[in-house]
There are 4 protein chains.
Amino acid sequence: MSTEISKIGVLTSGGDSPGMNAAIRSVVRTCAFHKIDCVGIYRGYQGLIEGDFKELNARSVKNIINRGGTFLKSARSDDFRTKEGREKAYQNLLEHEVDALVIIGGDGSFTGGMIFNEEFGFPVIGIPGTIDNDIFGTKSTLGYDTALNTVVEAIDRIRDTASSHNRLFFVEVMGRDAGHIALNTGVGAGAEEILIPEENLGLERMLESLERSEASGKTSSIVVVAEGDKSGKNVFELAEYVEENLPGYDIRVSVLGHIQRGGAPSCYDRVLASRMGVKAVESLLEGKSNYMVGINNDEMLLTPLDKAVKGKTEINKELLRVSDIMTT
Amino acid sequence: MSTEISKIGVLTSGGDSPGMNAAIRSVVRTCAFHKIDCVGIYRGYQGLIEGDFKELNARSVKNIINRGGTFLKSARSDDFRTKEGREKAYQNLLEHEVDALVIIGGDGSFTGGMIFNEEFGFPVIGIPGTIDNDIFGTKSTLGYDTALNTVVEAIDRIRDTASSHNRLFFVEVMGRDAGHIALNTGVGAGAEEILIPEENLGLERMLESLERSEASGKTSSIVVVAEGDKSGKNVFELAEYVEENLPGYDIRVSVLGHIQRGGAPSCYDRVLASRMGVKAVESLLEGKSNYMVGINNDEMLLTPLDKAVKGKTEINKELLRVSDIMTT
Amino acid sequence: MSTEISKIGVLTSGGDSPGMNAAIRSVVRTCAFHKIDCVGIYRGYQGLIEGDFKELNARSVKNIINRGGTFLKSARSDDFRTKEGREKAYQNLLEHEVDALVIIGGDGSFTGGMIFNEEFGFPVIGIPGTIDNDIFGTKSTLGYDTALNTVVEAIDRIRDTASSHNRLFFVEVMGRDAGHIALNTGVGAGAEEILIPEENLGLERMLESLERSEASGKTSSIVVVAEGDKSGKNVFELAEYVEENLPGYDIRVSVLGHIQRGGAPSCYDRVLASRMGVKAVESLLEGKSNYMVGINNDEMLLTPLDKAVKGKTEINKELLRVSDIMTT
Amino acid sequence: MSTEISKIGVLTSGGDSPGMNAAIRSVVRTCAFHKIDCVGIYRGYQGLIEGDFKELNARSVKNIINRGGTFLKSARSDDFRTKEGREKAYQNLLEHEVDALVIIGGDGSFTGGMIFNEEFGFPVIGIPGTIDNDIFGTKSTLGYDTALNTVVEAIDRIRDTASSHNRLFFVEVMGRDAGHIALNTGVGAGAEEILIPEENLGLERMLESLERSEASGKTSSIVVVAEGDKSGKNVFELAEYVEENLPGYDIRVSVLGHIQRGGAPSCYDRVLASRMGVKAVESLLEGKSNYMVGINNDEMLLTPLDKAVKGKTEINKELLRVSDIMTT
């Protein structure tokens, strides 16, 4: 591999997700493997501006493959939205002789990376790290698979209570713009109904479905609601609405919240992170820039950052039908 | 063991807790061991009134020791608060030739049991099943140990995000009247502050503690708040209050909610449930009634139901001091 | 969907795997959805011969989506290897008016199904249930993803001890003919070396790698060994061999064994099971037979049973390279 | 608290156990709270001899309360068995101005500490860290509760397979000299038989019990065997013995091994570790020496090291009876 890149920087930005540490580890070790230097940049773009850099070698990243969160930390950076901030960031990279950046984060982070690349011609490659799976160009984002497991385990616990008390639970899961988590965990946890941003079937349908379910002999039910559900009601209002219209039900609400972001990554996410880190570094070494690393059909691929940001991974409509059948 | 009891009924009442199934299993098998019959009563006191009875033998309870919730289900019963309801319940027990009852539940359930015993002289023994550990006469209630583990695992996940983003999290845990869960999980999860119903040190102290913690170099913190905290503010108001007074902090709130009640019981709770079931049945066979089974210093003991209901297990004040030291 | 199938039988055969219960549930509910009958056949082909049948409706399969194992149980059947046995099985199906079979199992089970189909023209569809992922025609077999998580969690625990004591652990994982589990968990758990049946790089290479690793400053290591490893030594002999040749190492062996087969299925396996059950039943209703249901690139597909049995899912060679880079 | 101790050293020795990191954290923070210095000694007594010391402050131990293993590492030390070794260790402590030692480990570690104390009059306090619970003077050793949960979770997984296949599993758990783990997990996992070092009821009894169990309609069983079982046969020989005598059974063996030592500590172990660390440091500050910290009846207490080493925590015989009843 011939290249003029001899030092790569890596940072995490945006909301943390399980597998970020495994991805950092992979970036660092791939650099070591190719005998180039690697520098960790703390607190995302803000640390880039403030010069919060630290050299990392293969041993710096031991025993972190299984840790949630990101040891490089993440932060919002209003400064990076200004030309001055980005100028400062660029000067820091020059000073530290960093030749290219790996950015681990979501679409906001990638947009920042694209602007930076445009302004300074600085090579960047993105690794999609977010539990929401809402980034185009990869079947799976880092942390998504782990979050699915965390959510079904949580709903399994809630079901213990739901079926002990013949209750109906509304469970809110993450997903402002995308219903991937809600749809998959809804099927995986055997939910009666699943409300997602991509599809608004109306509140009437939900009532009918719950009535049918009660009539069929079901004594407890779970409704999984994505944060970004388009019913026009939040999860508490939904619960009240059903309470008013189906007074027979004993209803409770559970908002799973931040537990969904943390925890040890699943095997899938660890392997994915390892593969993505290798692909990111080697793509930079091959002279590529402005791409996001992704996985499709078990193969690594590159997608231009602007496509990754603008596009959208569609939900699998088949799953909606599977869910309907499962709630027979 | 000479006794005239030849059939025992068992029911679960009040909020479910991990270990209830293990306790039912133990009651059923202890009956089988002593060659007496056992009948499961579904949906607590309501099922007692409605005659929702089912004979259970040793094989009926296989493979349930590790399941959360209660397969006998639990329910509120307004009817049991009426004399007519209890009269009907008594007639059902006579009809089914049930000679004694094991009641698995919390203090509300025990109060019902006491009244029933008083009115009809019917033998009852209680097993304390609640995650809150707020029942006098036992060091541990069934499900409490499991709930502690569920909570610390959840906070471990939240800490991944908290330390990745240098955030302050307020985490609300169960405990309306008792701070046992908050205090133990606060120490176990390394919380900066713990707010419990038993102690109101004032909001000033919390602010001071958080300021001191920031000054000492801590970049993220967890505050564990019991539902029944006496600060006069709920967890969202607390978060706002700190946000206003310590604007440097990036604050989030997480209400753990119903996930705390479910899940497979810990080994401790399974063993405790098994021991309590044996003790409950054998106490009835020995002619005892109106007691609650408990554990203290690794030994089974009996406490009169009225004492169990009126008393209160004090929190371990030493833990407050340990928590202070740990947040140095 | 026009069809003459009005009753479908479902059985599990071969080694159990997490997700089998979820698949049975899906088969039963898809039958209910299409208003046809479903009958569960207990203990695999042996129960088929012995007439161990039970009608299942949508409610029969509640609360099992998250349970490991198979409630229909599985068993070896020498009788089914005989013409007489199969003849008896066929008569039972006729008697119970079963029109088609869904067989959940591995390649041995599918071979039985093919012969049965050939002899009696009886419609069969297979669902691949095995943790080994060694069946052609599907990217993932049911239970494989769950087993990967079980194994990395187990190795995470072992690593706690390995790094506390600067030890080298040999960990044997399942996989007689296929290295999928070893390769993926090896990468996911950060193993120093991975020994799989598909590749025999020689013991020399392992020694060199371990020496290099020690020289690089690593103080503890994990070597993941598939059961079917072709080094000519079992895991205990491997450990001895290294002990003799690299006396500096403090070596331990752990055989993970049967814990790998059990446990609650991951979200991925639950969704996969639900989709496979739908596909299996609807394929039968469309008049298809002698196929196995599989998943590729997130889509359901059918593969003729004989191809599924004879073929082999290749390991992803890229992962070997990723593993090498990660152990830099 | 008046004292002349101004610097305390802490080390971990012997087999690691979950909670050791939490105990180190507690020692370090209690020192900081009392404004005295703390030094971590790496690799147990060997590091003491080699001068492998590192100053630790309150921030050095952040985010470790939930980690298995010991970041100070542990090691055997033949050198510490020699007078010369211990002399060197003493000189290192003088050089680093360490005034007292907290030793976290098992009875071997405590014996070393006692000799050291005797020879040099050096103040030592022990914290019992071992999963086996085989140390006198404490109801619970650090890591024991966590190990119980790890074992029951593993057996739950095995039971999935056992009941799917109507099999009998022999599961070997840790415990060379003590049956605490076997006895409690046997009850907690619903084992048919439990074989422990403290009681040898003979192989005949086991056969009878298994026959009775089969006759009673049980189709699968678990036998939990402590490593130190006194039946005269190891777990594989036991399995063969039963296979020969009860040919109806399909038998498997699982040796849980090292997974029992690792993993995140339970809430109980984290709280216990925190309390023990406080008690250890404050006891030294009060001028006490040659004691082990323990817990009994939810209170901290001190036991002379020689008693801790020579004594033995008896198993709870009541549990044997409970186990008998549960297998009715």
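Here the structure is a predicted model, which is why all the values come from computation and not from measurement.

J.: Can you lay out the UniProt feature "binding site: ATP" (unreviewed entry) in chain A for me, pointing to particular residues and giving the numbers?
T.: Residues and elements named next belong to chain A. Here the UniProt feature "binding site: ATP" (unreviewed entry) sits at G15, R76, S77, G106, D107, G108 and S109. Spanning 95 residues, the named residues nonetheless gather at one spot, since no C-alpha pair among them exceeds 14.4 Å. If you trace the backbone, D107 turns up in helix α4 (residues 107-120). For D107, a relative accessible area of 33% puts it in the partly exposed group. Not counting residues up to four positions away in its chain, the partners in contact with D107 are I135 and V309. Relative to the assigned elements, S109 resides in helix α4. Look at S109 and you get buried, because its relative accessible area is 4%. Ignoring any residue separated from it by four or fewer positions in sequence, one finds S109 in contact with S13, G14, Y45 and I103. At 2.9 Å, the side chain of S109 forms a polar contact with the side chain of S13.

J.: Provide a residue-level description of the interface of chain D and chain B, including the pertinent values.
T.: Contacts between the two partners involve 50 residues from chain D, matched on the other side by 50 residues from chain B. Taken over both partners, the interface formed by chain D and chain B buries close to 4,200 Å², and the fraction arising from carbon and sulfur atoms is 53%. On the chain D side of the contact with chain B, R59, C267 and M326 of chain D bury the most area, a combined 15% of that side's loss. Of the charged contacts in the structure, one is a salt bridge between E318 of chain B and R275 of chain D, with a shortest N-O distance of 2.6 Å. Counting residues per element, the ones that place at least two in the side of chain D that touches chain B are α1 (20-33), α5 (144-165), α6 (180-188), α9 (267-285) and α11 (317-326) of chain D. Considering each element in turn, the side of chain D that touches chain B owes the most residues, 8 residues, to α9 of chain D. Tallied by class, the residues present in the side of chain D that touches chain B amount to 17 nonpolar, 19 polar and 14 charged.

J.: Explain the pattern of salt bridges to me, and be specific about the residues and the numbers.
T.: Enumeration over the complete set of coordinates arrives at 68 salt bridges over all chains. A salt bridge links E193 of chain D to R205 of chain D; the shortest N-O distance between them is 3.4 Å. One end of the pair, E193 of chain D, is in strand β7 (residues 193-195); the other, R205 of chain D, is in helix α7 (residues 203-215), with 12 residues separating them in the sequence. On the basis of relative accessibility, which here comes to 6%, the residue E193 of chain D falls in the buried class. Since its relative accessible area comes to 29%, R205 of chain D is described here as partly exposed. Counted as one network, the salt bridges with shared partners bring together R43, E50 and D52 of chain A.

J.: Mind laying out the relation of the copies chain C and chain A, listing which residues take part and the relevant values?
T.: Taken together, a rotation about one axis and a shift along it account for how the two chain copies relate. Overlaying chain C on chain A yields an RMSD of 0.0 Å, the required transformation being a rotation through 180° with an accompanying axial translation of 0.0 Å. The transformation just described matches what one would write down for a two-fold rotation axis. Within chain C, the C-alpha atom positioned nearest to the axis of rotation is that of N297 of chain C, 2.3 Å from it. The fraction of interface residues of chain C whose copies in chain A are also interface residues reaches 100%, indicating that both copies meet through the same surface.

J.: Give me unusual backbone geometry: which residues, what numbers.
T.: The bulk of non-glycine residues show a negative phi, and the bulk of peptide bonds are trans. Positive phi, close to 55°, is recorded for K35 of chain A, a residue that is not glycine. Tracing the backbone shows K35 of chain A in the loop between α1 (20-33) and β2 (37-41).

J.: Account for the pairing of strand β10 (residues 291-296) of chain B, with residues named and values stated.
T.: All names here are of chain B. Of the pairings in the sheet, the one linking strand β5 (residues 124-128) to β10 comprises 2 bridges and is parallel in character. Within β10, the position partnered with G126 by the bridge is M292. Pairing of β10 with strand β11 (residues 299-304), which is carried by 6 bridges, proceeds in the antiparallel orientation. Each residue of the ladder has a partner; that of G294, found in β11, is L301.

J.: How would you explain α11 of chain D if you had to name every residue and give the values?
T.: When α11 of chain D is considered as a whole, its buried residues turn out to be L319, L320, V322, S323, I325 and M326 of chain D. Buried residues in α11 of chain D make contact with α1 (20-33) and α9 (267-285) of chain B together with α6 and β7 of chain D.

J.: Tell me about the interface of chain C and chain A, and name the residues and values.
T.: Contact residues are listed per partner, giving 50 residues for chain C and 50 residues for chain A. Summed over both sides, the interface between chain C and chain A buries roughly 4,200 Å², with carbon and sulfur atoms accounting for 53% of that surface. R270 of chain C is the salt-bridge partner of D156 of chain A, the closest N and O atoms lying 2.7 Å from each other. For the pair chain C and chain A, the interface holds 17 residue pairs in polar contact (both at pLDDT 80 or more). Among the elements that line the side of chain C that touches chain A, the one with the most residues is helix α9 (residues 267-285) of chain C, at 8 residues. For the side of chain C that touches chain A, the class distribution of residues is 17 nonpolar, 19 polar and 14 charged.

J.: Give me the sheet that holds strand β6 (residues 167-173) of chain C: which residues, what numbers.
T.: Residue and element names in this part refer to chain C. Spatially, the 4 strands line up as an open sheet ordered β7-β8-β6-β9, and their pairing is parallel. This sheet does not close on itself; its edge strands, each paired only once, are β7 (193-195) and β9 (250-255). Here the average twist between neighbouring strands, direction ignored, is 15°. Of the pairings in the sheet, the one linking β6 to strand β8 (residues 221-226) comprises 6 bridges and is parallel in character. Residue pairing for β8: V173 is matched across the bridge by A226. Helix α8 (residues 235-245) rests against β6, β7, β8 and β9 of the sheet, and its axis sits at about 175° to β9.

J.: Can you explain the sheet that holds strand β8 (residues 221-226) of chain B? Please cite residues and give values.
T.: Residues and elements named next belong to chain B. Taken in spatial order, the 4 strands line up as β7-β8-β6-β9 in an open sheet, and their pairing is parallel. Because the sheet does not close on itself, it has two edges, and the strands there are β7 (193-195) and β9 (250-255). Shown here is a sheet whose adjacent strand axes are inclined to one another by a mean of 15°, direction ignored. Contacts from helix α8 (residues 235-245) reach β6 (167-173), β7, β8 and β9, with the element oriented near 175° to β9.

J.: How would you sum up empty space enclosed by the protein? Please name residues and give values.
T.: All told, the structure shown has 5 cavities of 30 Å³ or more when counted by the stated rule. What the largest cavity holds in volume is close to 150 Å³. Lining the largest cavity, in full, are T150, E153, A154, R157 and I259 of chain A together with T150, E153, A154, R157 and I259 of chain B. Counting only elements with at least two residues in the lining of the largest cavity, the list comes to α5 (144-165) of chain A together with α5 (144-165) of chain B. Its residues placed into classes, the lining of the largest cavity shows 4 nonpolar, 2 polar and 4 charged.

J.: An account of a negative patch on the surface is needed here, citing residue identities and associated values.
T.: On the surface, E153 of chain A, E153 of chain B, E153 of chain C together with E153 of chain D cluster together into a negatively charged patch. In this fold, E153 of chain A is placed in helix α5. Residue E153 of chain A is classed as partly exposed on the basis of its relative accessible area, which comes to 43%.

J.: Describe the packing of aromatic side chains, naming the residues involved and giving the relevant values.
T.: This structure, assessed with the given rule, holds 32 aromatic pairs over all chains. Aromatic pair Y90 of chain D and F122 of chain D: ring centres 6.2 Å apart, planes at 85°, arrangement edge-to-face. Placement of the pair is Y90 of chain D in helix α3 (residues 83-95) and F122 of chain D in the loop between α4 (107-120) and β5 (124-128), with a sequence separation of 32 residues. Accessibility assignment for this pair places Y90 of chain D and F122 of chain D in one class, buried. The rings of Y45, F80, Y90, F116, F120 and F122 of chain A are connected pair by pair, giving a single aromatic cluster.

J.: How would you explain the domain arrangement of chain A if you had to name every residue and give the values?
T.: All names here are of chain A. Taken domain by domain, chain A consists of domain 1 (7-143 + 265-310) and domain 2 (145-261). For domain 1 versus domain 2, the separation of C-alpha centres amounts to 35 Å. Contact with domain 2 buries area across many residues of domain 1, yet D16, I131 and D132 alone supply 46% of it, more than any other trio. Scanning the region where domain 1 abuts domain 2 turns up 0 salt bridges.

J.: Go over α9 of chain D with me, naming the residues and quoting the values.
T.: Residues and elements named next belong to chain D. Taking 1.5 Å per residue, 19 residues should reach 27 Å; α9 reaches 27 Å between its end C-alpha atoms and fits that length. Counting buried residues along α9, 17 of its 19 residues qualify, which places the element largely inside the surrounding structure. Within two residues after α9, G287 carries a phi angle of roughly 90°, on the positive side.

J.: Can you explain the packing of α7 of chain D against helix α8 (residues 235-245) of chain D? Please cite residues and give values.
T.: All names here are of chain D. In contact at an axis separation of 11 Å, α7 and α8 are set at 55° when each is read in the N-to-C sense. Here α7 is positioned oblique relative to α8, judged by the angle of their axes. Between α7 and α8 lies a crossing of right-handed hand. Contacts from L203, E204, M206, L207 and L210 of α7 reach α8 at L238, Y241, V242 and N245. Considered class by class, the residues forming the contact of α7 with α8 number 7 nonpolar, 1 polar and 1 charged.

Rules used throughout
Throughout this description, residue numbers start from 1 for each chain and increase along the sequence as written. Whichever chain is written first becomes A and whichever ligand is written first becomes 1, with later ones labelled in order. Local features in this predicted model are restricted to residues whose pLDDT is 70 or higher, and side-chain atom pairs enter the listing and the counts only when it is 80 or higher, whereas totals over whole chains, interfaces and linings include all residues. Side-chain measures here rest on the full set of heavy atoms in the structure, leaving out hydrogens and waters. UniProt positions are given in the numbering used here, feature names are shortened, and annotations may be inferred rather than shown by experiment. The helix and strand labels rest on DSSP assignments: H or I over at least four residues marks a helix, E over at least two residues marks a strand, and numbering proceeds from the N terminus. A 1.4 Å probe rolled over the protein chains alone gives each residue an accessible area, and that area as a share of the maximum for its type sets the label: buried under 20%, exposed over 50%, partly exposed in between. Residue contacts are counted whenever heavy atoms from the two residues lie within 4.5 Å of one another. Polar contacts, as used here, are pairs of N or O atoms within 3.5 Å; protein pairs need one atom able to donate a hydrogen and one able to accept it. Residues neighboring in sequence count only if both atoms are side-chain atoms. Throughout, buried area stands for the accessible area (probe radius 1.4 Å) lost by two parts on being put together, summed over both. When a carboxyl oxygen of Asp or Glu lies within 4 Å of a side-chain nitrogen of Lys or Arg, that pair is called a salt bridge. Each residue gets one of three labels, nonpolar for Ala, Val, Leu, Ile, Met, Phe, Trp, Tyr, Cys and Pro, charged for Asp, Glu, Lys and Arg, and polar for the others, Gly among them. Only residues with pLDDT of at least 70 in both copies contribute their C-alpha atoms to the least-squares superposition of the copies. Two strands qualify as a pair provided DSSP detects at least 2 bridges between them. Fitted lines through C-alpha atoms serve as axes, helices being fitted only where they are in contact, and the angles separating the N-to-C directions of these axes extend from 0 to 180 degrees. Cavities and pockets are defined on a 1 Å grid built over the protein atoms alone: a cavity is a set of grid points where a 1.4 Å probe fits but cannot escape, while a pocket is an open set with protein on both sides within 12 Å along at least five of seven lines, and lining residues are those with an atom within 4 Å of any such point. Grid points are joined across faces, edges and corners, and a volume is the space filled by probe spheres set on the points. Each patch is built from salt-bridge-free residues with over 30% relative accessible area, joining like charges within 9 Å and nonpolar side chains (Val, Leu, Ile, Met, Phe, Trp, Tyr) within 5 Å. Per-residue and other accessible areas were derived by the Shrake-Rupley procedure at a 1.4 Å probe size, with only the shown protein chains allowed to occlude residues. Charge convention: Lys and Arg are scored as positive, Asp and Glu as negative, and His as well as the terminal groups of each chain are ignored. Where a charge lies is defined by one atom per residue type, namely NZ (Lys), CZ (Arg), CG (Asp) and CD (Glu). Stacked, edge-to-face and tilted labels apply to pairs of Phe, Tyr and Trp rings (six-membered ring for Trp) whose centres lie within 6.5 Å, assigned for plane angles under 30 degrees, over 60, and everything in between, in that order. The source of the domain bounds is an automatic or database domain assignment. Multiply 1.5 Å by the residue count of a helix minus one, and that product is the helix's expected span. With respect to orientation, any angle under 35 degrees is reported as roughly parallel, any angle over 145 as roughly antiparallel, any angle of 65 to 115 as roughly perpendicular, and every other angle as oblique. Here a crossing is taken to be left-handed if its near helix is turned anticlockwise relative to the far helix by less than a right angle, and right-handed if that turn runs clockwise.

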